Amino acid sequence: MAKSILFRLKKSERPLLVVASGVNRVNEKLISTYVQDELGKADADFVRERTGFVIGGVAPVGHAEAIETIVDEDLFRYQTIWAAAGHPKAVFQLTPDELVKMTGGQVLPIK
C-alpha cells in the first residue's frame with residue numbers, strides 16, 4: 001500500500017505530499033532537511049482545500065493544485081502497489097515507476 005500523507009510546510013505554508021510505503025513511518029526531521037522547511041500537520045480543511053480529497057482518501061495524483069511530492073524509495077521493493085483513489089474506500093493499482101512518472105515526485109528514503 002502506498003499511503004499519501006500531506007504536510008503543511010511551516011515557513012512557506014505550502015503543501016508537501018509524502019507517498020510512503022504502508023509499513024513505514026515518515027521521519028519528519030529527515031524530510032525537513034530535504035525540503036529545508038519544518039513539517040507541520042495538515043488539518044482536514046487544509047487537506048481538502050489543497051488536494052480536493054478528504055483525509056483517508058488522498059490520492060497521489062489529481063490534486064486541486066500542483067503539490068511537491070516525495071516518493072518513498074521502499075515502494076520500489078514491490079512490483080505492484082496500491083494507492084488511495086480519492087475516497088477512503090477506493091484504491092487503484094500501479095507500479096512504483098508509474099507513481100513517480102504520474103506525480104513527478106522525487107524518490108528518497110523517508111524513514
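(A) Up close: a nonpolar patch on the surface. On the surface, Met 1, Trp 82 and Val 91 cluster together into a nonpolar patch covering about 310 Å² of accessible area. Within the secondary structure layout, Met 1 lies in the segment before strand S1 (2–9).

(B) Summary view of helix H2 (residues 44–51). All buried positions along H2 are accounted for by Phe 46, Val 47, Arg 50 and Thr 51. For H2, the buried positions fall inside an angular range of 100° around the axis, keeping them on one side. Opposite its buried face, H2 presents the exposed residues Asp 45 and Glu 49, each directed more than 90 degrees away. Looking at the buried positions of H2, the neighbouring elements they touch are S1 and strand S2 (15–21). Sitting at the head of H2, Asp 43 places a side-chain oxygen 3.2 Å from the backbone nitrogen of Asp 45. Looking one or two residues past H2, Gly 52 carries a phi angle of roughly 90°, positive in sign.

Conventions adopted
- Residues numbered from 1 in each chain as written.
- Predicted model: local features only at pLDDT ≥ 70, side-chain atom pairs only at ≥ 80, totals over all residues.
- Heavy atoms only, no water.
- Patch = residues over 30% accessible without salt bridge, like charges linked within 9 Å, V, L, I, M, F, W, Y side chains within 5 Å.
- Areas by Shrake-Rupley, 256 points an atom, 1.4 Å probe, with all protein chains shown as cover.
- Salt bridge = Lys/Arg side-chain N within 4 Å of Asp/Glu carboxyl O.
- Helix = DSSP H or I, 4+ residues; strand = E, 2+ residues; numbered from the N terminus.
- Buried < 20%, exposed > 50% of the residue type's maximum accessible area, 1.4 Å probe, protein only.
- Arc of directions from axis to C-beta.
- Contact = heavy atoms within 4.5 Å.
- Polar contact = N/O pair within 3.5 Å; in protein donor to acceptor, adjacent residues only side chain to side chain.

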